[in-house]
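Coordinate analysis (summary)
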Amino acid sequence: MKSVSKLKKELDKWFSLYVRLRDSINGITQCFTCGKVDHYKKLQCGHFQSRRHHATRWNERNCQVQCVKCNMFEQGMQWKFGLNLNAKYGEDTSYELEQLARTTVKNTRADYEEEILYYKSIVKNLLEESGAE
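Residues numbered from 1 in each chain as written. Predicted model: local features only at pLDDT ≥ 70, side-chain atom pairs only at ≥ 80, totals over all residues. Heavy atoms only, no water.

**Notes on unusual backbone geometry**
Backbone geometry places Asn26, a non-glycine residue, at a positive phi of 55°. Tracing the chain through its elements places Asn26 in the loop between α1 (4-22) and β1 (28-30). You can call Asn26 exposed: its relative accessible area is 55%. (Helix = DSSP H or I, 4+ residues; strand = E, 2+ residues; numbered from the N terminus. Buried < 20%, exposed > 50% of the residue type's maximum accessible area, 1.4 Å probe, protein only.)

**Quick notes on the packing of α1 against helix α6 (residues 109-130)**
The N-to-C vectors of α1 and α6 enclose an angle of 30°; their axes lie 9 Å apart at closest approach. What the angle tells us is that α1 and α6 run roughly parallel. Seen along the crossing, α1 lies across α6 with a hand that is left-handed. Residue-level contacts link Val4, Leu7, Lys8, Glu10, Leu11, Trp14, Phe15, Leu17, Tyr18, Leu21 and Arg22 of α1 to Arg109, Tyr112, Glu113, Glu115, Ile116, Tyr119, Lys120, Ile122, Val123, Leu126 and Leu127 of α6. For the contact of α1 with α6, a count of residues per class yields 15 nonpolar, no polar and seven charged. (Axes fitted to C-alpha atoms, helices over the stretch in contact; angles between N-to-C directions. Parallel < 35°, antiparallel > 145°, perpendicular 65-115°, else oblique. Left-handed = near helix turned anticlockwise from the far one by under 90°. Contact = heavy atoms within 4.5 Å. Nonpolar A, V, L, I, M, F, W, Y, C, P; charged D, E, K, R; others polar.)

**Observations concerning the layout of surface pockets**
The rolling of a water-molecule-sized probe over the atoms marks out the regions of remaining empty space. Taken as a whole, the largest pocket holds about 320 Å³ of empty space. Residue lining of the largest pocket: 16 residues in total, with Cys45, His47, Ser50, Arg51 and Asn71 positioned closest to the centre. Looking at the lining of the largest pocket, the elements with two or more residues in it are α1, β3 (44-47) and α4 (78-89). Each residue belonging to the lining of the largest pocket can be placed in one class, and the counts come to five nonpolar, eight polar and three charged. (1 Å grid on protein atoms, 1.4 Å probe; cavity = no way out; pocket = protein on both sides within 12 Å on 5 of 7 lines; lining within 4 Å. Points joined across faces, edges and corners; volume = space filled by probe spheres on them.)

**Overview of the pattern of salt bridges**
Evaluated as defined, the whole model comprises nine salt bridges. A salt bridge links Asp38 to Lys36; the shortest N-O distance between them is 4.0 Å. We classify Asp38 as buried; its relative accessible area is 18%. As a salt-bridge pair, Lys124 and Glu128 come within 3.5 Å of each other at their nearest N and O atoms. Of the two residues, Lys124 and Glu128 both sit in helix α6, four residues apart, roughly one turn of that helix. (Salt bridge = Lys/Arg side-chain N within 4 Å of Asp/Glu carboxyl O.)

**Let's talk about the confidence of the model for the protein chain**
Looking at the protein chain as a whole, its pLDDT mean stands at 95, while 100% of the residues score no less than 70. Highest mean pLDDT in the protein chain belongs to strand β4 (residues 63-66) (98); lowest belongs to helix α3 (residues 68-73) (94). (pLDDT = per-residue confidence, 0-100.)

So, in structure tokens, the structure goes:
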């Protein structure tokens, strides 16, 4: 049986693939904050609210495609990330995600396993539909 930390790591992997594939065309997508266009495998899953907050760690609005420069070297470009979230999902989105990040969530082993299966199947479908490698 996998440990909870291993399940969390596996969920991170499938969720990241989903985020990077959901807006891609033939495997090509763009950075949410600077607009750099590249293959999804060369981009990352950026988080508006830090991954340490479990309430938003796997939130589909909180996570967007980012290039390595924006995500790692520019600390996620949070200010621009927030502006872009508000433009994409509505003006209070960044505020709502900040509030949600402050809440406590306790995931069970079953929660992780269910989410892994969910994102694994979506990624499989996205790869088949897009023909991306």
